[in-house]
Structures are given as C-alpha cells and as structure tokens.
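Letter by letter, the chains look like this.
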Amino acid sequence: MLPAQFTKLIAELEHLTDSQTRYVEKLLKGTDSVSQLITELEERMVENPECPHCHSSLINRHGKVNKMQRYRCKNCGKTFVATTATPLARLRYKELWLEYIRCMLDSKPLRKCAEECGLHLETSFRWRHRFLALPSALNASKLEGIIEADETLFPYSEKGSKRMTRQPRKRGVKAKKRGRSKDDWVPVLTVRDRAKNTYEAVVPSVTSAALHQELAGKLEKDSVLCSDGYKPYIALSEKNDLIHKRLDVAGGVKVIDKVFHIQNVNAYHSRLKAWIKRFHGVATKYLEHYLGWFRFMDNPENLNENRLFSIQQQLIRT
Ligand SMILES: [Zn+2]
C-alpha cells in the first residue's frame, strides 16, 4: 500500500462505529471467530467433500462469493458455499454476526439489536431466529439422580401473525389463572436434574402420553422423580422405574427428607418468566426458540458470543 493510501486508511478509521472498531481489532489479532468458523467449514469440505443438495462427494471449486470459496457439484450441477445448509446460510454482513449475537446475550429487544448493528428490523428478526435454531434444539438427552419435573403456563399468542384465528384478549382483562384451557394457555414442561441438565418442551397438554412421548429413554432408571403429584407424573415414574416423591406445596410439604423438592425447577420457571417479560408477549409459534435462548443463557459458561456462534456449526448437515 502506498504511504498516501495508508494515511487515508488511518484517517478513515476514525469514522468507524464501536462495533466496526471491535471487528477490525479482531481481524488484526486473527481471533475473529467468524473467519475461523468459515475456515473450519472449508477445511471440512476438503477432507470430506459433500454436496448439501444431493450429498455427492464429487465437487469442484467454482470461484469465490463474499470472500468464501464457492463449490459446484458435478452430479447435480448446483453451486454452494461452506455455510450452505447451516444456520448461517444466506445471512449477509458476516462482520456483524458476532455483534448481533452479543446483543442477544444481553437479551436486547429486536429493535435495539437492529439499531446497534445497523440492520433492518426484518433482518434483525430473521437473524434472531436463525441463531436460535440451535439453542432451541439443544435439550438434555439424559437426566439422572434427583430429577424435578413441573409444568408452567404461557399465554397463547398469535403475535405477529397477519391473520388471527381468534379474537385477541382485551387489554386489561386478565386471563383466568386456573383451568388448563387449551385455547388460552400453552403448557411448558420442564424437567431438570441436580446437575442442571434441563429438558424442556411445549406440550399440547400435560398428559401421560405427552410425558411419555417427550421423555421416553431420557430418564435414567432408579432415579428419583420429584413432582407435585399430578397423575401423569406418577404414571411416568411407574413406566420408567423411577422412585416418585410427591411434593404438596399447598399442603405444606415443600421438602421430603431434606433433599427431595421441586424448588430448583420452580426457581427456574420464575427466572424464565421474569426474563421473558421484556419481550412483552412471545408468539406461541416462537416460544420454543425463546425457551432455548433462556436455557442456553442460564448456564453462565455460555455467556460469550464466540460460544453461541461456534455452536452454530453443530447443526450443519444434520
Ligand atoms: Zn449435488
């Protein structure tokens, strides 16, 4: 670079926004995890070539696009890049991904994320849900020891849908708390063991069949299941060779033998409810994404953007 050009570049640097500055710093230090991930995906394509469209291994290099290697499949003729068929596919502005993820780890609302990253609101929405696809798929596959199970209810919402299939609730009218009416409330089942392994699912209703469908094969034999004694939990314990401890909080039985209780799962629900309030009502069809987001962030080890970003590759070609 000519000295005059260099001077100009340095002068331009003063006009960078904070997030652009951070990106340049990362680039210069070589610690930019976006480039690292793409490099990793491209190396994988060399070691183990596979067309994401037809799974053929006969692929050729085919120019570059957005500084990424493009490939062309000799079998189906389609082109692709290393991020095709990953959550990152067709997301532009790579330099903003980490910044965006950082906003998400701060639980910022959509509009705020859009403002800070200089994105359109629709792009902000698309990115949020793309980055949440993986956390919402990460659910405990094994629970053991003392396992606590309980459900909590979220108001049914068609927020954001163009066509409402039912009348929205009038403002100020509080939905009735009791009664598990399918129309008004969506039950979320949470099962958590003392190692904090957590399995969560939106279920149509808390029935024996629903519990079986969600939890079959996930509960280690001879574990102890703690619940409020709602019948489906008793049936679940019997079916899975679990010892069942029935807590009756209303009746004053909060803890049995000092260790059996459902206070962890109830505290988890309280944290989740307090957190989700900031979004002023979540559309039911996206509830699982928000649950996954919270589950991910409830583990302090996960609270850095590189981690949320790097796990995105786990969804690759699955
Ligand atoms: Zn192909």
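Conventions and cut-offs
Residues numbered from 1 in each chain as written. Predicted model: local features only at pLDDT ≥ 70, side-chain atom pairs only at ≥ 80, totals over all residues. Heavy atoms only, no water. Pairing = 2+ DSSP bridges. Helix = DSSP H or I, 4+ residues; strand = E, 2+ residues; numbered from the N terminus. Axes fitted to C-alpha atoms, helices over the stretch in contact; angles between N-to-C directions. Contact = heavy atoms within 4.5 Å. Core = buried A, V, L, I, M, F, W, Y, C linked by side-chain atoms within 4.5 Å. Buried < 20%, exposed > 50% of the residue type's maximum accessible area, 1.4 Å probe, protein only. Salt bridge = Lys/Arg side-chain N within 4 Å of Asp/Glu carboxyl O. pLDDT = per-residue confidence, 0-100. Polar contact = N/O pair within 3.5 Å; in protein donor to acceptor, adjacent residues only side chain to side chain. Donors = N, O, S within 2.8 Å, 3.2 Å for Na, K, Ca; no water. Tetrahedral: all angles 85-135°; square planar, octahedral: opposite > 155°, others 65-115°. Disulfide = S-S within 2.5 Å. Phe/Tyr/Trp six-rings, centres within 6.5 Å; stacked < 30°, edge-to-face > 60°. Lys NZ or Arg CZ within 6 Å of the ring centre and 35° of its normal.

- An unreviewed UniProt entry annotates the chain as Transposase originating from Alteromonas naphthalenivorans.

Description of the pairing of strand β2 (residues 68-73)
Turning to step 1, where the next piece is worked out: Alignment of strand β1 (residues 59-65) against β2, held across 5 bridges, turns out to be antiparallel. Paired with Arg61 across the two strands is Tyr71, which belongs to β2.
Turning to step 2, where the next piece is worked out: Taken together, β1 and the strand that follows it, β2, pair antiparallel across an intervening segment of 2 residues, in which Asn66 is found at a positive phi of about 50°.
Turning to step 3, where the next piece is worked out: Sheet topology places β2 next to strand β3 (residues 79-81); 3 bridges connect them, and they run antiparallel. For Arg70, the partnering residue across the bridge sits in β3 and is Val81.

Overview of the sheet that holds strand β8 (residues 243-246)
Sheet strands pair via backbone hydrogen bonds, and the direction of the pair is either parallel or antiparallel.
Turning to step 1, where the next piece is worked out: Ordered in space as β6-β5-β4-β7-β8, the 5 strands form an open sheet in which the pairing is mixed. A single partner strand is all that each edge strand has here, and the edge strands are β6 (198-202) and β8. Neighbour-to-neighbour, the strand axes of this sheet turn through a mean angle of 20°, independent of strand direction.
Turning to step 2, where the next piece is worked out: In terms of strand pairing, strand β7 (residues 224-227) meets β8 through 4 bridges, oriented parallel.

What about the sheet that holds β1?
Turning to step 1, where the next piece is worked out: Taken in spatial order, the 3 strands make up an open sheet running β1-β2-β3, and their pairing is antiparallel. Single-partner strands in this sheet number two, and they are β1 and β3. Taking the axes of each pair of neighbouring strands and ignoring which way they run, one obtains an average angle of 35° across the sheet.
Turning to step 2, where the next piece is worked out: Of the strands in this sheet, β1, β2 and β3 are in contact with helix α3 (residues 33-47), which crosses β2 at around 30°.

Structural notes on the nonpolar core
Turning to step 1, where the next piece is worked out: Counting residues in each nonpolar core, the largest one holds 43 residues, and the members touching the most others are Phe131 and Trp275.
Turning to step 2, where the next piece is worked out: Each residue touching Trp275, except ones within four places of it in the same chain, is listed here: Ser107, Tyr290, Trp293, Phe294 and Met297.
Turning to step 3, where the next piece is worked out: If you look at the next biggest cluster of nonpolar residues, it comprises 18 residues, including Leu143, Val191, Val203 and Leu225.

Let's talk about the pattern of salt bridges
Where charged atoms from two side chains of opposite charge come close, those side chains can pair.
Turning to step 1, where the next piece is worked out: Per the stated rule, a full pass over the model turns up 9 salt bridges.
Turning to step 2, where the next piece is worked out: The salt bridge partner of Asp106 is Arg102, with a shortest N-O separation of 3.8 Å.
Turning to step 3, where the next piece is worked out: Since its relative accessible area comes to 41%, Asp106 is described here as partly exposed.
Turning to step 4, where the next piece is worked out: Measuring nitrogen to oxygen at the nearest pair gives 3.9 Å for the salt bridge that ties Glu220 to Lys142. Highlighted residues: Glu220 in the loop between α7 (208-215) and β7 and Lys142 in the loop between α6 (121-137) and β4 (146-155), separated in sequence by 78 residues.
Turning to step 5, where the next piece is worked out: Connected through shared salt-bridge partners, Glu99, Arg102, Asp106, Lys108 and Glu116 make up one network.

Regarding the confidence of the model for the chain
Turning to step 1, where the next piece is worked out: Across the chain, the average pLDDT comes to 86, with 90% of residues at 70 or higher.
Turning to step 2, where the next piece is worked out: Per-element averaging of pLDDT across the chain places helix α2 (residues 18-29) at the bottom with 74 and β7 at the top with 97.

What to know about the side chain of Glu151
Turning to step 1, where the next piece is worked out: Residue position: Glu151 is located in strand β4.
Turning to step 2, where the next piece is worked out: Of note is the side chain of Glu151, whose polar atom sits 2.6 Å from the side chain of Tyr233.

Some points on the coordination of the zinc ion
Turning to step 1, where the next piece is worked out: For the zinc ion, every protein donor is listed as Cys51 (SG), Cys54 (SG), Cys73 (SG) and Cys76 (SG), and the spread of their distances is 2.3 Å.
Turning to step 2, where the next piece is worked out: In this structure, the zinc ion is surrounded by 4 donor atoms whose angles at the metal cover 104 to 117°, and the resulting shape is tetrahedral.
Turning to step 3, where the next piece is worked out: All donor residues of the zinc ion come from one chain, and their arrangement in sequence is C-x2-C-x18-C-x2-C. Here Cys51 is found in the loop between α3 and β1, whereas its partner Cys73 is found in strand β2, with 22 residues between them in sequence. Here Cys51 and Cys73 have matching classes, each one buried.

Section: the side chain of Ser237
Turning to step 1, where the next piece is worked out: Examined against the element boundaries, Ser237 turns out to sit in helix α8 (residues 231-239).
Turning to step 2, where the next piece is worked out: Owing to a relative accessible area of 2%, Ser237 belongs among the buried residues under this scheme.
Turning to step 3, where the next piece is worked out: Residue contacts for Ser237: discarding those within four places in its chain leaves Leu225, Leu242 and His244.

Concerning the state of the cysteines
Turning to step 1, where the next piece is worked out: Inspection of the entire model under this criterion finds 0 disulfides.
Turning to step 2, where the next piece is worked out: For the unlinked cysteine Cys113, the closest cysteine sulfur is that of Cys103, found at 4.7 Å.

Re the packing of aromatic side chains
Turning to step 1, where the next piece is worked out: Per the stated rule, a full pass over the model turns up 12 aromatic pairs.
Turning to step 2, where the next piece is worked out: Ring plane angle 35° and centroid distance 6.3 Å describe the contact between Tyr100 and Phe131, whose orientation is recorded as tilted. Here Phe131 lies in helix α6 and Tyr100 lies in helix α4 (residues 97-105), a separation of 31 residues in the sequence.
Turning to step 3, where the next piece is worked out: The exposure class of Tyr100 is buried, given its relative accessible area of 0%.
Turning to step 4, where the next piece is worked out: By relative accessible area, Phe131 is classed as buried at 0%.
Turning to step 5, where the next piece is worked out: Summarising the aromatic geometry, the rings of Phe279 and Trp293 are spaced 5.2 Å apart at their centres and angled 40° between planes, so their arrangement reads as tilted. Within this pair, whereas Phe279 is found in the loop between α9 (263-276) and α10 (287-297), its partner Trp293 is found in helix α10, the two being separated by 14 residues in sequence. Here Phe279 and Trp293 have matching classes, each one buried.
Turning to step 6, where the next piece is worked out: What links up through ring pairs into an aromatic cluster is the set Tyr268, Trp275, Phe279, Tyr290, Trp293 and Phe294.
Turning to step 7, where the next piece is worked out: Sitting over the face of the ring of Phe154, Lys273 holds its NZ or CZ atom 4.9 Å from the ring centroid.

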